[in-house]
Amino acid sequence: MMNKKLRNMMLFLPPAILVIFNVVFILSYLGGKKGYLRTAYQIVLNDFYGLQSAAFVVVLAILCGLGLRKKISGAAFLRRIFLIFLLFMIAVNLSFFPELNRDTQGQESKRFRRLRTPHLEEAVRSSAAKSAGAIEKYLQLGNDLNGKTLIVPWPSEDEEFGLFIGFVDPGAVVRKKYPYLIGADDLDFLKTFDARTSRFSIKNEMTESLVIVSEDPDAEEFTLFRNDRTIFFFSPEIVKRLPVNLHD
Amino acid sequence: MINQFLFLFFLEVLGLSFMILFKKNLDRAYLYLLSFPMGVSLWVFLILIFLCTGLHLYRWAVLTASFLMLGAFFLMDLKKKAFSREERMPLVILLLSFAALSFVFLGLNYSFFTNDSWALVAGGRTIALSTGLPARLLAEKGIFSYILHSAGSFWHFDYLYALYPMITLFLMLFFIYSLYAPFEKKRISLNRHLAYSGLAALFLLSTFFILMNSTYIHSNLLYGFYAFIAVFGLWKRLRGDHSVWLVVSILALLSSVFIRVEGPLVALIPVILLISTRELSLKDKRIYVLSVTLAVSAWFLKLFFVFSGFTGKKLNADRSLFVILIYLLCLLGLWLSEKRGLARLRSYGPPAMLYALAFLWSYFIWTKGMSMKGGDLIIRRYGILLVNILRDGGWGITWMALFFLFIAALFMARFPQDSLFAYTILSFGLLFNSLNLFRGGWRVGWGDSGNRMLVHIIFILGFYIFLKFKVMIFKNETS
């Protein structure tokens, strides 16, 4: 006769371990200690879904076995099935966190690449080709700007929104809404906001800042194909006032 | 940082002093869990009164009015002898926990900004500093979040980043408790019920996009919370709980109306369901419909004048009048539903609403499809929506699981008044699809507006599904 506690442990332990593992991994990633844990994670759980599905099937089989041998009532059986189902859904959801889907070089994992449909890839590639030249041209300008102080006035009533800040995922197509785009890959920019003077300043701490300014007002869309997630939109008026000559 | 802390703490104390007025008729846990969202709503409504009456938002005037409101509630509490000796300790613990948690969230700023976030923060400043209401801002977004972010000007802080994690915390605790003790008249055992409710909430919270929304400076999560409270409050009242739930539902519904541009249209769903029900007294219905109609009409009448001579993309003078008109039609509907000859038609209200929305959706698909290269664009748009839900929207497995569970839940044993949730969810789905056809900027990724709007319904949907399953699997243990 199996001890009741032991039986419950057998049922709930595998999904609980997966959940804990995912949580620890995410926390360690956020904490910056990603190297070892990430490698361990990839070695141990290379095919994460396969392992989770297999564990789920095993637990279900144990439960069904117990149910058939009338060790547990129908209601208890249903309750356990549903609770275990919830635990597995949590584990699967955690494994979908974007950071988990990148390999050590920060590239998307094979699993994710495989999921991409061809027509979407094609759409991204064609729009990238159109604007690739423009973006490459301004990468250098972005590097030149990095580390310099950039003062931007607070948008006033009579002027169109002077400044927009947006996050864009790598590979996303940015529809042209404002002709001038300036981007930076760091939220620190926001922290430099001074409420008293209503001004921002980009400081040297910005390590990966990227500035993209489009001088082509007719361009319909831009595609960002690096890991650039933030775009700042400046109005033409503000671009004119930038302390750096972007057209050099 | 300290100023933002003081503001959040003020909102909590304001909400608590308001909710304590109903302490005799409300479960203590609900009282505490609703204190923060209600405090946020009350403060926003106070500023809304300033804006509606044309009073300038001088810092001293806003601060005085805020503390006067708090003082008024506090005096009423004292008059009702609300702070008995045994009451004090839980209140002190609650306030201390709130203070400690808000300090944690103030220290860990993981804010997520998009250009929409920026528009909200900058718009808040504009509202606080300008003399009139800027039509350009109000034509794009609801006033609620602008007002919230205007607090930065009055309390002297840059932007309100700690609000969103605090709202997420209250939302999750409210979700857990409402699932744990939905039928609280009967005491139930703690362990398994709490484990179930906690896991259900954790399932939602383990979704990347929901977790991301806890730091995302936007209106989606706020809307989702208030919509959930509005429908939940209505459900509690329909089940015969005290009329304080009607007050809570009205305040939450009005908050949702002011949070989003499409808010007034979505709010019609619970209003129509309320008119159609036989479970509520006429007095309750009149209070609900009249107060919502008056508040919405007053604000949109103000907007009508603000928008004169201005052509907004989403809202303009004509659409403001349209909103007033449909709410007045609801009043007419309530009046007609009281007529003896027409009263028996009331039960057809909810299915009629579903059919009307389904017809509207089909009509839009057909007319838009004709103008969009034989429907190619529509198929592409729904393709994008599907790709976002299943893969790129940051939802993980959540929507796939919820979809199948919802289908199963529809055919499972009912819990009292569960049709309120079923009709709300289905109607929201149809309205969401209809409205989606009119927007631009469709894209694959979490940033797609339609993808973000899914947050609005997910807590109502999650509550409905998990309560249905709970009723089934704890059959012998619930009332």
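Predicted, not measured: the structure shown is a model, and the values here were computed from it.

Conventions used here
Residues numbered from 1 in each chain as written. Chains lettered and ligands numbered in written order. Predicted model: local features only at pLDDT ≥ 70, side-chain atom pairs only at ≥ 80, totals over all residues. Helix = DSSP H or I, 4+ residues; strand = E, 2+ residues; numbered from the N terminus. Rg over C-alpha atoms; globule rule 2.2 N^0.38 Å. Buried ≥ 20, exposed ≤ 12 C-beta atoms within 10 Å, placed from the backbone. Contact = placed C-beta atoms within 7 Å. Expected span 1.5 Å × (residues − 1). Core = buried A, V, L, I, M, F, W, Y, C linked by C-beta atoms within 7 Å. Axes fitted to C-alpha atoms, helices over the stretch in contact; angles between N-to-C directions. Parallel < 35°, antiparallel > 145°, perpendicular 65-115°, else oblique. Left-handed = near helix turned anticlockwise from the far one by under 90°. Nonpolar A, V, L, I, M, F, W, Y, C, P; charged D, E, K, R; others polar. pLDDT = per-residue confidence, 0-100.

1. A word on the overall build of chain B
Summing up its helical and strand segments, chain B has 22 helices and zero strands in all. Taking 2.2 N^0.38 as the reference for a compact globule, 479 residues should give roughly 23 Å; the C-alpha atoms of chain B span a radius of gyration of 22 Å, in line with that estimate. Here chain B holds 479 residues, and the buried ones make up 48% of them. Put simply, of all contacts in chain B between residues at least 6 apart along the chain, 77% involve residues at least 24 apart.

2. Thoughts on the overall build of chain A
When its secondary structure is counted, chain A shows eight helices and five strands. Taken from N to C terminus, the helices and strands of chain A fall in the order α-α-α-α-α-α-β-β-β-α-β-β-α. The 248 residues of chain A split such that 27% are buried. By sequence separation, contacts in chain A at least 24 residues apart represent 79% of the contacts at least 6 residues apart.

3. Some thoughts on unusual backbone geometry
Here Gln417(B), not a glycine, exhibits a phi torsion of approximately 60 degrees, which is positive. When you line up the elements, Gln417(B) lands in the loop between α19 (398–410) and α20 (419–436).

4. A closer look at helix α3 (residues 59–79) of chain B
For α3(B), which comprises 21 residues, the first-to-last C-alpha distance of 30 Å matches the rise-based estimate of 30 Å (1.5 Å per residue) to within 8%. Following α3(B) by one or two positions, Lys81(B) has its phi on the positive side, about 50 degrees.

5. Quick look at helix α9 (residues 191–205) of chain B
Owing to its 3.6 residues per turn, the α-helix aligns residues three or four sequence positions apart on the same side. The first and last C-alpha atoms of α9(B) sit 21 Å apart over 15 residues, in line with the 21 Å expected at 1.5 Å per residue. If you check which residues of α9(B) are buried, you get Tyr196(B), Ser197(B), Leu199(B), Ala200(B), Ala201(B), Phe203(B) and Leu204(B).

6. Some words on the nonpolar core
One finds Val231(B) and Ile460(B) to be the most contacted residues of the largest nonpolar core, which totals 165 residues. Setting aside chain neighbours within four positions, we find Val231(B) in contact with Pro270(B), Leu420(B), Phe421(B), Thr424(B) and Ile460(B).

7. Section: the packing of α19(B) against helix α22 (residues 455–473) of chain B
Residues and elements named next belong to chain B. Interhelical geometry of α19 versus α22 gives an angle of 55 degrees and a closest axis separation of 10 Å. Relative to α22, the element α19 lies oblique. Considering the relative orientation of α19 and α22, their crossing is left-handed. Mapping the contact onto sequence places Leu402, Leu405, Phe406 and Ala409 in α19 and Leu461, Gly462, Tyr464, Ile465, Lys468 and Phe469 in α22. When grouped by side-chain class, the residues that make up the contact of α19 with α22 number eight nonpolar, one polar and one charged.

8. Comments concerning the environment of Leu301(B)
Residue and element names in this part refer to chain B. When you line up the elements, Leu301 lands in helix α14 (residues 282–306). Exposure remark for Leu301: the 15 C-beta atoms within 10 Å place this residue in the partly exposed category. The spacing of Leu301 and Val323 is 22 residues in sequence and 9.4 Å in space, taken between C-alpha atoms.

9. Some thoughts on the confidence of the model for chain A
Residue and element names in this part refer to chain A. Of all residues in chain A, 9% attain a pLDDT of 70 or more, and the chain-wide mean is 47. Below a pLDDT of 50 lies the segment residues 43–47, which in the model reaches one contact outside its immediate sequence neighbourhood of four places, other chains included. Low pLDDT (under 50) marks residues 100–248, which in the prediction has 205 contacts with non-local residues, meaning those over four places away or in another chain.

10. Looking at the environment of Ala408(B)
All names here are of chain B. Assignment of secondary structure puts Ala408 in helix α19. Judged by C-beta crowding, with 13 C-beta atoms within 10 Å, Ala408 ranks as partly exposed. Between the C-alpha atom of Ala408 and that of Ala195, which follows or precedes it by 213 residues, the distance is 22 Å.

11. Quick notes on the packing of helix α8 (residues 163–180) of chain B against helix α11 (residues 220–238) of chain B
Residue and element names in this part refer to chain B. α11 packs onto α8 with a crossing angle of 30 degrees between their chain directions and a minimal axis gap of 10 Å. One element, α8, and the other, α11, form an angle in the roughly parallel class. Handedness of the α8/α11 crossing: left-handed. Contacts from Tyr164, Ile167, Thr168, Leu171 and Ser178 of α8 reach α11 at Leu221, Leu222, Phe225 and Phe232. Considering only residue class, the contact of α8 with α11 consists of seven nonpolar, two polar and no charged.

12. A closer look at the environment of Phe406(B)
Residues and elements named next belong to chain B. Mapped onto the secondary structure, Phe406 falls in helix α19. Taking C-alpha positions, Phe406 is 9.2 Å from Ala422, a pair spaced 16 residues apart along the chain. Contacts of Phe406, omitting those with residues within four sequence positions, involve Leu461 and Ile465.

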